[in-house]
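# Structure at a glance
This is what each chain is made of:
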Amino acid sequence: QLKKLDQAVSAAHTFFVANPQHLQMREDIEKYRRMSGVKSDNFRDLEATPHWEAYEAGVRHYNADEYPQAVARLEESLTEALSALEECRGLCEGPWEDEDEEEEEMQPGLYEAIAAHYIQVLKCRQQCILEIATKPGRISATEDFIPSHLDLLQFAYDQVGNQALAAECAASYLLFYPMDEPMLEKMKQYRAELGEDTAVTARESIQHYVQRSLMEKKLIYYAVEHLGGTFNDPDLWTPDELIPESLKEKYREDQEKQKQETLDVEEREKRGPLPFEGIAVTMDARRMNGTQRVVFDRVLTESECKDLLRLTKAAGEAGDGYRARRSPHTPHERFEGLTVLKAMQLAQNGDVDWRDAKLLLQASEKSRKIIESYFTPGKKLHFSFTHLVCRTAVDGEQEGRMDLSHPVHADNCLLDPEGQECWREPPAYVYRDYSGILYLNDDFQGGGLFFTEMDTVTVTAEVHPKCGRLVAFSSGKENPHGVWAVSRGRRCAIALWYTHSQEHAEQERVKAEELMEQRAVEQDRPDGEERQGADHSGRSSSELPVPSGGTRPTSRRHKPASDRTQQPKELRARDEF
């Protein structure tokens with residue numbers, strides 16, 4: 001806003017380096033790249049540290065087989081990293097900081113207070129490796145940061161023909177992992193090449209680092225065993241014999257508990273058999289990096305998709321209130337929708353083919369049975385809302401577009417990215433349990449579905465639409481999702497929501513099924529006149545299930561105030577996929 005583009009670009013780039021999945025910043029970076037006043041050197045990381053800049057440059061050279069350059073930058077990185085480690089360790093010296101957990105464990109005597117302060121300093125020093133191994137802006141540290149330098153260096157030195165330094169790096173690496181077989185084999189090779197008389201020793205700086213770290217760990221483990229408290233060892237290379245037996249036992253118990261929790265999750269994730277042949281599970285929750293997510297293919301045939309796409313034309317001409325209007329989520333797309341009841345009413349008036357309207361009922365019922373059998377076998381799922389929806393890119397308004405077709409949201413709670421929470425309260429549709437999208441086409445650009453973490457910016461999975469593909473997932477906070485912008489063409493799908501609560505079953509569907517049954521009765525009249533208009537589609541009755549009337553009450557009930565059909569159309573539209 002202050003027109004200081006160079007500083008704005010640097011700030012944006014710094015944030016994006018640390019958060020490469022952040023959708024808004026990705027759009028901002030692309031916007032800056034297209035601006036005439038922005039230079040390439042404006043894209044600099046303001047938080048970059050010397051050892052991380054050198055390390056990443058060294059790894060790039062290493063991956064490009066540029067070993068002389070890799071050696072220079074990796075050596076620079078290792079030197080800078082050890083220097084940063086000493087600075088961090090120095091900052092651990094200071095006044096005692098109360099830690100509630102240890103304050104309860106230790107007695108408030110003089111010797112205990114001195115011991116507690118000293119142990120606190122030692123723990124702080126041990127954690128310094130995590131600080132220097134964490135890229136600025138990131139949360140997790142790179143594992144084995146110091147050993148990985150030595151591993152890369154020994155190979156790079158070997159490639160440039162300096163076996164003496166390669167052997168030195170290998171010997172240094174073995175201080176961390178003395179039983180590493182590949183490195184032991186390399187050491188044999190280096191000794192043979194250099195000659196048995198040539199002394200090969202580890203670097204003095206690495207020897208000092210390892211010996212000091214092991215002594216500190218030994219003191220900390222002794223204190224934890226005899227004085228109480230906890231210690232989260234930051235290193236993977238800590239020798240097993242250094243850990244006291246009593247703590248090993250506790251560790252084994254924790255591991256067993258974690259294993260049991262994993263088995264419990266796997267038990268909950270077990271799926272029921274699919275009720276129809278030919279349907280394929282192409283992506284499960286594991287492949288989609290989440291829980292309660294799945295992608296099915298071949299739910300519809302190509303001809304069935306074409307029939308339903310024919311029905312979508314009616315949505316543009318006589319839909320349910322969204323026809324040809326701008327999307328409630330973006331001005332760059334038009335939004336058209338058709339409910340099952342409106343489709344039946346149009347068929348009744350002769351505006352659409354009865355067979356296409358019937359197919360909408362059948363396709364959505366088939367999806368319901370698939371999702372019910374997969375996620376909740378033995379537990380009834382009722383329709384909450386069914387909507388045939390199309391999103392069309394507005395010509396001439398796509399250039400420079402930065403928004404989404406549908407912002408990230410959850411289907412039964414109000415997403416709070418800052419607080420990392422999802423509030424299951426109105427106006428969210430709190431009664432929804434599962435959601436689905438049955439795609440009808442793929443002849444458009446963009447429009448893919450994506451899932452994120454609770455922060456709404458870290459993308460965990462993406463699904464590309466195509467005819468007959470059904471995406472299903474639980475409607476809660478575990479599955480925040482959005483839709484990429486439709487930049488060209490028209491994307492059509494059947495959006496589906498389900499509930500275990502019969503009280504919130506879709507009332508419009510009940511009426512639509514009544515109209516379909518009424519049509520069937522008229523076709524069966526003995527005069528035969530209506531019978532001549534019977535279904536000539538050639539569609540097999542086994543191809544799609546007959547719509548179930550199991551949710552229809554025997555008597556007309558007043559619709560509950562929270563029913564899906566009671567929502568204003570503007571509010572309903574905000575939740576379409």
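Note that this is a predicted model, so its numbers are computed, not measured. (Residues numbered from 1 in each chain as written. Predicted model: local features only at pLDDT ≥ 70, side-chain atom pairs only at ≥ 80, totals over all residues. Heavy atoms only, no water.)

Inspection of the secondary structure puts histidine 149 in helix H7 (residues 145-159). From its side chain, histidine 149 meets the backbone oxygen of phenylalanine 145 in a polar contact 2.7 Å long. Those residues in contact with histidine 149 that sit more than four places away from it in its chain are Tyr55, Leu74, Ser77 and Leu78. (Helix = DSSP H or I, 4+ residues; strand = E, 2+ residues; numbered from the N terminus. Polar contact = N/O pair within 3.5 Å; in protein donor to acceptor, adjacent residues only side chain to side chain. Contact = heavy atoms within 4.5 Å.)

Another point: the nonpolar core. Counting residues in hydrophobic clusters, the biggest one holds 44 residues, and the most contacted among them are Phe296 and Leu308. With ten residues, helix H14 (residues 354-375) is the largest single contributor of residues to this core. Leave out the neighbours within four places in its chain, and leucine 308 touches Leu300, Asp356, Leu359, Leu360, Ala363, Leu388, Leu440 and Ile494. (Core = buried A, V, L, I, M, F, W, Y, C linked by side-chain atoms within 4.5 Å. Buried < 20%, exposed > 50% of the residue type's maximum accessible area, 1.4 Å probe, protein only.)

A word on the pattern of salt bridges. Using the criterion set out here, one finds 24 salt bridges in the structure. Arginine 401 is the partner of aspartate 403 in a salt bridge, and the nearest nitrogen-oxygen pair spans 2.5 Å. When salt bridges with common partners are traced through the structure, they connect Glu75, Glu168 and Arg203 into a single cluster. (Salt bridge = Lys/Arg side-chain N within 4 Å of Asp/Glu carboxyl O.)

On to helix H9 (residues 181-194), then. With 14 residues, H9 should reach 20 Å at 1.5 Å per residue; the first-to-last C-alpha distance of 20 Å fits that figure. Where H9 is buried, its residues contact H7 and helix H8 (163-176). A positive backbone phi angle near 100 degrees is found at glycine 195, which sits one or two residues after H9. (Expected span 1.5 Å × (residues − 1).)

Taking 1.5 Å as the rise per residue, helix H3 (residues 50-63) with 14 residues should run 20 Å; its terminal C-alpha atoms sit 20 Å apart, in good agreement. Residues of H3 that are buried include every one of His51, Trp52, Ala54, Tyr55, Ala57, Gly58 and Tyr62, and no others. Structurally, H3 contributes buried residues whose contacts are with helix H4 (67-91), helix H6 (110-132) and H7. Aspartate 65, located one to two residues past H3, shows a positive phi value of around 60 degrees.

Moving on, we come to the pairing of strand E13 (residues 470-474). Of all the five residues making up E13, five are buried; the element is thus mostly covered by neighbouring parts of the structure. The alternating pattern of E13 places Leu470, Ala472 and Ser474 and Val471 and Phe473 on opposite faces, both of which are buried. Relative to E13, strand E2 (residues 293-297) runs antiparallel, the two being bridged by four bridges. Paired with phenylalanine 296 across the strands is leucine 470, a residue of E13. Looking at chain direction, strand E9 (residues 434-439) and E13 are connected through five bridges and run antiparallel. Opposite tyrosine 434, over in E13, you have serine 474 as the bridge partner. (Pairing = 2+ DSSP bridges.)

Scanning the entire structure with this criterion turns up 18 aromatic pairs. Among the aromatic side chains, those forming a connected cluster through ring pairs are Phe296, Tyr374, Phe375 and Tyr434. Above the face of the tryptophan 237 ring, lysine 217 is positioned so that its terminal group lies 5.3 Å from the ring centre. Note that lysine 366 overlies the ring of phenylalanine 276, its terminal NZ or CZ placed 5.2 Å from the centroid. (Phe/Tyr/Trp six-rings, centres within 6.5 Å; stacked < 30°, edge-to-face > 60°. Lys NZ or Arg CZ within 6 Å of the ring centre and 35° of its normal.)

Taking strand neighbours across the sheet as the criterion, the four strands line up as E6-E14-E11-E12 in an open arrangement whose pairing is antiparallel. In this open sheet, the two strands that pair with only one neighbour each are strand E6 (406-409) and strand E12 (459-463). Pairwise comparison of adjacent strand axes, ignoring direction, gives a mean angle of 20 degrees for this sheet. Pairing of strand E11 (residues 449-452) with E12, which is carried by four bridges, proceeds in the antiparallel orientation. Looking at E12, one finds that phenylalanine 450 is bridged to glutamate 462. (Axes fitted to C-alpha atoms, helices over the stretch in contact; angles between N-to-C directions.)

Now for the confidence of the model for the protein. In the predicted model, the protein carries a mean pLDDT of 83, and the fraction of residues at 70 or more is 82%. In this model, residues 100-106 is a region of pLDDT below 50 whose contacts with residues beyond four sequence positions or in other chains number twelve contacts. (pLDDT = per-residue confidence, 0-100.)

With that settled, consider the packing of H3 against H4. As a packed pair, H3 and H4 sit with axes 7 Å apart at the nearest point and diverge in direction by 155 degrees. Comparing the axis directions of H3 and H4 gives the class roughly antiparallel. The way H3 lies across H4 gives a crossing that is left-handed. Along its contact with H3, which presents Pro50, His51, Glu53, Ala54, Tyr55, Ala57, Gly58, Val59, His61 and Tyr62, the element H4 presents Tyr67, Gln69, Ala70, Arg73, Leu74, Glu76, Ser77, Glu80, Ala81 and Ala84. (Parallel < 35°, antiparallel > 145°, perpendicular 65-115°, else oblique. Left-handed = near helix turned anticlockwise from the far one by under 90°.)

Turning to the side chain of threonine 238, a few remarks are in order. Here threonine 238 shows up in the loop between helix H10 (204-227) and helix H11 (245-268). The buried category is assigned to threonine 238, whose relative accessible area is 14%. Side chain to side chain, threonine 238 and aspartate 233 meet in a polar contact 2.8 Å long. Non-local contacts of threonine 238, meaning those with residues more than four positions away in its chain, are made with Lys217 and Asp233.

Before going further, it helps to examine the packing of H7 against H8. Running from amino to carboxyl end, H7 crosses H8 at an angle of 155 degrees, the nearest separation of the two axes being 8 Å. By the angle class used here, H7 and H8 are roughly antiparallel. Of the two elements, H7 crosses H8, and the hand of that crossing is left-handed. Where H7 approaches H8, its residues Ile146, Pro147, Leu150, Asp151, Leu153, Gln154, Tyr157 and Asp158 are matched on the opposing element by Gln163, Leu165, Ala166, Cys169, Ala170, Ser172, Tyr173 and Phe176.

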